[in-house]
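# Secondary and tertiary structure notes
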Amino acid sequence: MKKVLVVCGNGLGSSMIVEMNVKSILKDLNKEAEVSHTDLSSAKSEQADLYLGSEDIVGGLDDGSRNVVQLKNLMDKNELREALEQNI
């Protein structure tokens, strides 16, 4: 099963909301994945198939070996859906 990690600065509010949105969209798409959220520092040591977060945060995770999607607007469900369709 694929693992999706939602990343934000503190790993609290916004990433938890995005995690819930990811789960809802995956259900609509009839796809399964393990979804969790965390802060940027913790994300650097966690393994995932897909890292999601805002452009200003997750850019630091993109080392060429990770599948990182930089979202322009974390709360835009259409942008999130497109990212999931292309990467899961």
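Above: the structure in question.
This text gives an overview of the structure that appears in the document. Bear in mind the structure is a predicted one, so any value in this text is a computation, not a measurement.

### Things to note about the overall build of the protein
Within the protein, the regular secondary structure consists of four helices and four strands. Seen in sequence order, the protein has helices and strands lined up from the N terminus as β-α-β-α-β-α-β-α. Its C-alpha atoms give the protein a radius of gyration of 11 Å, within 12% of the compact-globule value 12 Å for 88 residues. Its C-alpha atoms put the protein at 30 × 25 × 20 Å along the principal axes. Each of the 88 residues in the protein was classed as buried or not, and the buried ones make up 41%. Sequence separation of 24 or more characterises 59% of the internal contacts of the protein that already satisfy a separation of 6 or more.

### Let's talk about the sheet that holds strand 3 (residues 50-54)
Backbone hydrogen bonds are what pair the strands of a sheet, in a parallel or an antiparallel way. Judged by pairing direction, the sheet is parallel, and its four strands sit side by side in the order 2-1-3-4 without closing on themselves. Only two strands of the sheet have a single neighbouring strand rather than two, namely strand 2 (33-39) and strand 4 (68-71). The sheet shows a mean angle of 20° between the axes of neighbouring strands, direction not considered. The pairing of strand 1 (residues 2-8) with strand 3 spans four bridges and is parallel. Considered in strand 3, the bridge of Val 6 is made with Leu 52. Of the strands in this sheet, strand 1, strand 2 and strand 3 are in contact with helix 1 (residues 13-28), which crosses strand 2 at around 170°. Against the sheet, helix 4 (residues 77-87) contacts strand 3 and strand 4, and its axis sits at roughly 165° relative to strand 4.

### Focus: the nonpolar core
Formed by 17 residues in total, the largest nonpolar core has its most connected members in Val 4, Val 22, Leu 52, Leu 80 and Leu 84. The set of elements that each furnish at least two residues to this core consists of strand 1, helix 1, strand 2, strand 3, strand 4 and helix 4. Considering each element in turn, this core owes the most residues, four residues, to helix 1. The contact partners of Leu 52, leaving out residues within four places of it in the chain, are Val 4, Leu 5, Val 6, Val 7, Val 22, Val 58, Val 69, Leu 80, Ala 83 and Leu 84. Counting nine residues, the second-largest nonpolar core is a separate cluster that includes Val 7, Ala 43, Ala 48 and Val 58.

Definitions and cut-offs
- Residues numbered from 1 in each chain as written.
- Predicted model: local features only at pLDDT ≥ 70, side-chain atom pairs only at ≥ 80, totals over all residues.
- Heavy atoms only, no water.
- Helix = DSSP H or I, 4+ residues; strand = E, 2+ residues; numbered from the N terminus.
- Rg over C-alpha atoms; globule rule 2.2 N^0.38 Å.
- Buried < 20%, exposed > 50% of the residue type's maximum accessible area, 1.4 Å probe, protein only.
- Contact = heavy atoms within 4.5 Å.
- Pairing = 2+ DSSP bridges.
- Axes fitted to C-alpha atoms, helices over the stretch in contact; angles between N-to-C directions.
- Core = buried A, V, L, I, M, F, W, Y, C linked by side-chain atoms within 4.5 Å.

Purely spatial values, then, with no claim about function.
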